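Observations on the model geometry
As a plain string of letters, each chain reads:
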Amino acid sequence: MAPYTVDIDVRFRDIDALGHVNNAVYATYVEQARTRFFRDVLDIDISQSSTVLASLSIDFRRPIELPDETVTVTVELADLGRSSATMTHEIRVGDAVAAEAEATVVALDPETGEPAPIPEEHRAEMESYHDL
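Treat the numbers as computed from the prediction; the structure is a model and nothing was measured.

We now examine the overall build of the protein chain. When helices and strands are counted, the protein chain shows two helices and five strands. In the protein chain, the succession of α and β elements from N to C terminus is β-α-β-β-β-β-α. Computed over C-alpha atoms, the radius of gyration of the protein chain comes to 15 Å, within 12% of the 14 Å expected from 2.2 N^0.38 for 132 residues, which places it in the range of a compact globule. Overall size of the protein chain, expressed as C-alpha extent along the three principal axes, is 45 × 35 × 20 Å. Considering the protein chain as a whole, with its 132 residues, one finds that 36% of them fall into the buried category. Looking at the protein chain alone, contacts between residues at least 24 apart form 66% of all its contacts between residues at least 6 apart. A total accessible area of about 7,300 Å² is found for the protein chain, and carbon and sulfur atoms account for 47% of it. Where the 10 positive side-chain charges of the protein chain centre and where its 26 negative ones centre are 4 Å apart.

Written as structure tokens, this is what we have:
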């Protein structure tokens, strides 16, 4: 199955003094894509779920500049553990890869703050979307 994909506008405020998107904004683009994935695929508001970002790594390939106007961010499920999900992302401008990222989110028990199993309905949706 094709990866989940979302288009995100490049805003003037994303640009730094060197005229390209600041490196920290790439993490925001990945977060926006992940949030929409949770909403569209899992039918949950990520702000209402007990999940935290456990890790994020980004490999930068090319600068994104204001004339680029939009970026396309993909979300693919790379690994699904008992309480964690690792997702890979590409941030693209047209056909060019601007960055590749990997993010791991962990489900938490809201009362203890300890890792908790991913709810079965969410696990099933993730697995069926990504053919795991």
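Reading across from one edge, E1-E3-E4-E5-E2 is the order of the five strands in this open sheet, with antiparallel pairing throughout. Whereas interior strands pair on both sides, the edge strands pair on one side only; in this sheet they are strand E1 (4–9) and strand E2 (51–60). Averaged over all adjacent pairs, the angle separating strand axes in this sheet is 25°, with direction ignored. In the sheet, E2 pairs with strand E5 (residues 96–107) via nine bridges, with the strands oriented antiparallel. Within the sheet, the bridge partner assigned to Leu-53 lies in E5 and is Val-105. Sheet contacts for helix H1 (residues 23–42): E1, E2, strand E3 (70–80), strand E4 (84–93) and E5; angle to E1, the most-contacted strand, approximately 130°.

What follows covers the pairing of E4. Inspection of the sheet shows E3 paired to E4 by six bridges, in the antiparallel sense. Its bridge partner being in E4, Thr-72 is matched across the sheet by Arg-92. Here E3 folds back onto E4 in antiparallel fashion, the turn holding three residues. Once E4 ends, the chain turns through two residues before running back antiparallel as E5, passing Gly-94 with a positive phi of about 60°.

Once that is clear, we can look at the pattern of salt bridges. One pass over the structure, following the stated rule, counts six salt bridges. Residue Glu-100 is joined to Arg-61 by a salt bridge in which the shortest nitrogen-to-oxygen separation is 2.7 Å. Taken as a pair, Glu-100 in strand E5 and Arg-61 in the loop between E2 and E3 lie far apart in primary sequence, 39 residues in all. A relative accessible area of 30% means that Glu-100 is categorised as partly exposed. Measuring nitrogen to oxygen at the nearest pair gives 4.0 Å for the salt bridge that ties Asp-68 to Arg-62. What makes Asp-68 partly exposed here is its relative accessible area of 22%. Take Arg-62: its relative accessible area is 29%, and that puts it in the partly exposed class.

Tracing the chain through its elements places Val-6 in strand E1. Separated by 31 residues in the primary sequence, Val-6 and Phe-37 place their C-alpha atoms 8.7 Å from one another. For Val-6, the residues in contact, after removing those within four places along its chain, are Ala-33, Arg-36, Val-71, Thr-72 and Val-73.

The rules we used
Residues numbered from 1 in each chain as written. Predicted model: local features only at pLDDT ≥ 70, side-chain atom pairs only at ≥ 80, totals over all residues. Heavy atoms only, no water. Helix = DSSP H or I, 4+ residues; strand = E, 2+ residues; numbered from the N terminus. Rg over C-alpha atoms; globule rule 2.2 N^0.38 Å. Buried < 20%, exposed > 50% of the residue type's maximum accessible area, 1.4 Å probe, protein only. Contact = heavy atoms within 4.5 Å. Areas by Shrake-Rupley, 256 points an atom, 1.4 Å probe, with all protein chains shown as cover. Lys, Arg positive; Asp, Glu negative; His and termini not counted. Charge placed at Lys NZ, Arg CZ, Asp CG, Glu CD. Pairing = 2+ DSSP bridges. Axes fitted to C-alpha atoms, helices over the stretch in contact; angles between N-to-C directions. Salt bridge = Lys/Arg side-chain N within 4 Å of Asp/Glu carboxyl O.

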